[in-house]
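Here are the chains, one letter per residue:
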Amino acid sequence: MVLAIDSLKTSFISPTPPLPLKPYKNLRSSQNPEKARNLIIHCSIHPDPWSLSTGNRPKPISKNPKNPLSDDNARRIIKAKARYLSVLRRNQGPQAQTPKWIRRTPEQMVQYLQDDRNGHLYGKHVVAAIRLVRSLSARPEGSYNMREVMGSFVAKLSFREMCVVLKEQRGWRQARDFFEWMKLQLSYQPSVIVYTILLRVYGQVGKIKLAEQAFLEMLEAGCEPDEVACGTMLCAYARWGRYKAMLSFYSAVQERGITPSIAVFNFMLSSLQKKSLHVKVKDLWREMVDKGVVPNNFTYTVVISSLVKEGLLEESFKTFNEMKNLGFVPEEVTYSLLISLSSKTGNQDEAITLYEDMKSRGIVLSNYTCASLLTLYYKIGDYSKALSLFSEMEKNKIVADEVIYGLLIRIYGKLGLYEDAQKTFEETEHLGLLTDEKTYIAMAQVHLKSRNYEKALNIMELMRSKNIWFSRFSYIVLLQCYVMKEDLASAETTFQALSKTGLPDAGSCDDILNLYIKLDLLEKAEDFIFQIRKDQVKFDMELCKTVMKVYCKKGMLREAKQLIHEMVTNGLIKDSEFVQTLSMFMLEESGRPDYGDDTVVALKQIDTMALELMLRLYLTVGNAFKIEEILKMLLKAAGGLQVASQLISKFNREGDMSKAQSLNDQLVKLGCRAEDASIASLISLYAKQHKLKKAIEVFSAVEGSPTTGKLIYISMIDAYAKCGKAEEAYRLYEEVNDKGIEVGVVALSKVVHALANCGKHQEAENVIRTSFQNGLELDTVAYNTFINATLEAGRLHFADSIYERMVSLRVAPSIQTYNIMISVYGRGRKLDKAVEMFNKARSSGVSLDEKTYTNLIGYYGKAGKSHEASLLFREMQDEGIKPGKVSYNIMINVYATAGLHHEAQQLFQAMLKKGCSPDSLTYLALIRAYTGSSKFLEAEETIMSMQNEGVPPSCVHLNQLLSALTKAGFTEEAERVYYKLLSAGLSPDVACYRTMLRGYLEYGHVEKGISFFEQIRESLEPDRFIMSSAVKFYKSAGKERESEAVLDSMKSLGIPFLKNLEAGSKTKAP
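Residues numbered from 1 in each chain as written. Predicted model: local features only at pLDDT ≥ 70, side-chain atom pairs only at ≥ 80, totals over all residues. Heavy atoms only, no water.

A.B. asks: What exactly am I supposed to notice about the overall build of the protein here?
C.D. replies: For the protein, the helix and strand inventory stands at 57 helices and zero strands. The proportion of buried residues among the 1070 residues of the protein is 46%. Taking the contacts inside the protein whose residues are at least 6 apart along the sequence as the reference set, 63% of them involve residues at least 24 apart. Approximately 55,200 Å² of the protein is accessible, and the part contributed by carbon and sulfur atoms is 51%. (Helix = DSSP H or I, 4+ residues; strand = E, 2+ residues; numbered from the N terminus. Buried < 20%, exposed > 50% of the residue type's maximum accessible area, 1.4 Å probe, protein only. Contact = heavy atoms within 4.5 Å. Areas by Shrake-Rupley, 256 points an atom, 1.4 Å probe, with all protein chains shown as cover.)

A.B. asks: What's the story with the nonpolar core in this structure? I'm lost.
C.D. replies: Note that soluble globular proteins tend to have their nonpolar side chains buried in a common cluster. Grouped together as the largest cluster of nonpolar side chains are 328 residues, with contacts concentrated most on Met150, Phe178, Met182 and Met548. Leave out the neighbours within four places in its chain, and methionine 548 touches Ala560, Leu563, Ile564, Phe578, Leu582, Met586 and Leu613. (Core = buried A, V, L, I, M, F, W, Y, C linked by side-chain atoms within 4.5 Å.)

A.B. asks: Would you explain the packing of aromatic side chains in this entry?
C.D. replies: Two aromatic rings are characterised by how far apart their centres lie and by the angle between their planes. Scanning all chains against the criterion turns up 27 aromatic pairs. Seen in terms of ring centroids, tyrosine 237 and phenylalanine 249 are 6.0 Å apart; in terms of plane orientation they differ by 55°. Their pairing is tilted. Residue tyrosine 237 is found in helix H10 (residues 227–239), and its partner phenylalanine 249 is found in helix H11 (residues 243–255); the two are separated by 12 residues along the sequence. Comparing tyrosine 237 with phenylalanine 249 shows no difference in burial state: the two are buried. Pairwise contacts between aromatic rings join Tyr978, Tyr979, Tyr993, Tyr1000 and Phe1012 into one cluster. Looking at arginine 805, its charged tip hangs above the ring of phenylalanine 772, at a distance of 4.1 Å from the centre. (Phe/Tyr/Trp six-rings, centres within 6.5 Å; stacked < 30°, edge-to-face > 60°. Lys NZ or Arg CZ within 6 Å of the ring centre and 35° of its normal.)

A.B. asks: It is not clear to me how helix H42 (residues 780–792) should be interpreted in this structure. Could you clarify?
C.D. replies: Along an α-helix, residues three or four positions apart point the same way, because every turn accommodates 3.6 residues. Taking 1.5 Å of rise per residue, 13 residues should cover 18 Å, and H42 covers 18 Å from first to last C-alpha, within 8% of that figure. For H42, the tally of buried residues reaches 10 of 13 residues, placing the bulk of the element in the interior. Every buried residue of H42 is listed here: Thr780, Ala782, Tyr783, Asn784, Thr785, Phe786, Ile787, Ala789, Thr790 and Leu791. On the buried face of H42, the contacting elements are helix H40 (744–757), helix H41 (761–773), helix H43 (796–808) and helix H44 (815–827). Backbone geometry just after H42 places glycine 794 at a positive phi near 80°. (Expected span 1.5 Å × (residues − 1).)

A.B. asks: How should the packing of helix H22 (residues 437–449) against helix H24 (residues 472–485) be read in this particular structure?
C.D. replies: Each pair of packed helices can be summarised by the angle the axes make with each other and by the distance between the axes. The contact between H22 and H24 brings their axes to 10 Å, and the two run at 20°. Viewed along their axes, H22 and H24 adopt a mutual orientation that is roughly parallel. For the pair H22 and H24, the crossing hand works out as left-handed. In this structure, H22 uses Glu437, Ile441, Ala444, Gln445 and Leu448 to contact H24, whose residues at the interface are Phe473, Ser474, Val477, Gln480, Cys481 and Met484. Classifying every residue of the contact of H22 with H24 by side-chain character gives seven nonpolar, three polar and one charged. (Axes fitted to C-alpha atoms, helices over the stretch in contact; angles between N-to-C directions. Parallel < 35°, antiparallel > 145°, perpendicular 65-115°, else oblique. Left-handed = near helix turned anticlockwise from the far one by under 90°. Nonpolar A, V, L, I, M, F, W, Y, C, P; charged D, E, K, R; others polar.)

A.B. asks: I'm lost on the side chain of glutamine 185 in this one. Help?
C.D. replies: Structurally, the position occupied by glutamine 185 is in the loop between helix H7 (172–182) and helix H8 (192–205). Residue contacts for glutamine 185: discarding those within four places in its chain leaves Val154, Ala155 and Met162.

A.B. asks: Explain helix H6 (residues 159–167) here, please?
C.D. replies: In terms of burial, H6 is largely enclosed, as seven of its nine residues are buried. For H6, the set of buried residues is Phe159, Glu161, Met162, Cys163, Val164, Val165 and Leu166.

A.B. asks: Honestly, the confidence of the model for the protein in this entry has me stumped. Any pointers?
C.D. replies: Detailed reading of the predicted coordinates is not advisable wherever pLDDT falls low. Model confidence for the protein is summarised by a mean pLDDT of 82, while 87% of its residues fall at 70 or above. In the model of the protein, helix H1 (residues 33–37) stands out as the element of lowest mean pLDDT, 38, in contrast to H24, which has the highest, 93. Confidence drops under pLDDT 50 across residues 1–70; counting only partners more than four residues distant or on other chains, this segment forms 90 contacts. Here residues 93–101 is a poorly scored stretch, pLDDT under 50, and it has 11 contacts once near neighbours within four places are set aside; other chains count. (pLDDT = per-residue confidence, 0-100.)

Here you go:
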């Protein structure tokens, strides 16, 4: 405080008690000015000296003229005049209460006429003085002398008029200078009024030091400050945030027994609240109430706001109810603050009651209140009310801000309305409200909840592109995105960025550790655990469990014990059954916590997950004693057998057969049997690895039990099928049926599939017919299996009848059903029906796949309808189905069959352009297209280009070209190509040998044929055509002995001679 309290030697600050209040009826100025200065100033309540002539009987004229007005009466007259003018302003209109006559003394009337006021508030000379002093604001300080400026007004202004001029000043400099001139006038007398006016002028512009100096001057002049003067000074301090000086001055005011008005208290309370001094607001409020000052609406609003911000719920509502009982209508902001506090403290019913009260009073909600209510509904999960509130906002045209849109996004995410959440996010962006990190994060979390990590990452990238700063929480969400995506490199980079913001949280550590486990990177997981323990990351229970999983998977017994010891030491054992269970079995007697003597209580605290982890740990380290001990304890606990069975299934999923088998054996040893699902999974695992003998052992151990369920039988049937033992699968299926065990359509489908695969078509058909006879309710998959099995058996009519049965029983066909049926009709050369089936699939609403199109395209090609095939291929691409390698191969083959080598070449180039790499079959189809159009050079170039593209040519490619050349009579070209590819490292097969010999034989190249045969005979397996051709060659050349030798060899090998072969058959004239 600038005002130096210690230096003041006045009675205002001194500790002496205040002067006693004196009752006054007619307060008049004393003849002794010194006595007048010692009077205590009060707001007078005497009748207004100006009486309106309203028809009432006028007061009698005083016999004695009125004395000059004292300072006290001057304040009274000013207030009375203000009330009078207020009445005049209020009563304008047809019923206006206007004065007919105002009684004045002759002296007052003379002065009124001299002033030429003519009904104005001030006389002309007063108005002129006001304007003159105000005009000085345009001149720089020090450029004028107030004495000279006001020289014409000396002795013309009364004290009251000078006060008016001072009050009407707008600039503090003019007020200061005028006051200095005013003090030099004869009519001036020190008064609390003039100093109060000056204090107000200084206070309005923040000239606190000048105000303090003026206040000191007032005290030195002997003017005792009254309520108004003190209030003006307090308001000046409050207005400019000088709360320390304000409180110090308020203490001095209290010592003098002066109680400020409610308006001053409001100023003080508001100033303290703006400085977030809510405790001082509460203390001042209590002092004010104790003094009996009646609060108004503004007072309650400020006080409740501070109580709310201090978290004083009970006191806030007590004050709020008091406010309503006094008839004050609370403002929207008061309701809003109370609703927000109720939501934060979990007092949901009170918050909703306040909201209903607001609605009943017709108070329109603000954005902040709506956001508080939406947050409340979000927390309690009442999403319907949240959406209803948003609809009400739209109805009342309350503009939502980014916070509200962010809450809506979260609510839609909780409800699974991901599209609505996305639309809300896009609307926020469109409105230009998307600026807060929290809104982006909310949308990213919604996408993560829907398992759509790509969209979540897009949101995070959008946030980065908008240059929005990534907080710690942003990095946590970004890490969750990469963990879900299983992008290890990005997840590690994000975790490093998160670590730079401070020690990583337990949840993020748990996320990246689970990623390591999922990717089977246990070494990295171990290093990561070592690092976070070194960094002293605070473990929560989830992280503790994940770390224990790693230790148990790796058999790290010492580290596991150390971790549990730390958890016990840190006090986690108090409320964690998981840690309690681990410590009970893993720690030594000295390190175990005291559970008391009641072992039943200890058993109730058993955590099955902890036992499961310990079983895994001791199975890894091979401690049979501990395994048995833990397993016994687990079996005593509720649901223990289920936990052990689930652990067997987990081992099976991980492919760890030894642990699964060991645990199963331990259960059998203890007289228990794992659940059917676990045994079935163990059998399936052995079948997957083609260890049928082991699977049979597991099955045999439970086969005779009456409790053996169908899951085990199904898994054993599947094991036989996978291991190529279709007959055993069929036998077991019949045995199960004979026992009356319903294994269901899954096992039935597997049996049929296995029988069809190994060529047991009749047995497969028997199973199908039996299922029909027994009235089995089949699903779509079973029907598909049956139709496919009969298709492979060539029983096309039976396949058609199965489909008709399926349709008649209203079993919905799948896309696989339509694909199989297109093949059924295609093989049966019923192209019209195949097309009809394709159209039926298209009109059924089932999404057609590439196979559907490719299937029909192939049959179009076989029927010679290359144009229809080409149109269908184009339609497939128009539908957005990207052709794969198989589709391209089939279409090129269609063109090859039709002899359209140009179209085949173009399609091949298009295939390369779209990034689809050709394979051996693609090149074979292209070679077929070239050879079919007698483009032998292009075919040869294609074979050579295969090697350059890294696709090794095979004998099939070579034979395709050789066959075309020899058929066209270009045997020399065929020879050249043959030896060229032979030198390139290609090893011809029997088909190539036959092609070459057939060309030599048909065109009568006997010598070349003999030479070729003798060249390959040593490396050749006995072949009827080749040996018969050799006999013909030798006979044509007159080499009977060699001919007979080959014939004898054929007879000894039991190979019959081909008699219809003739050398030079294509050179003879027809």
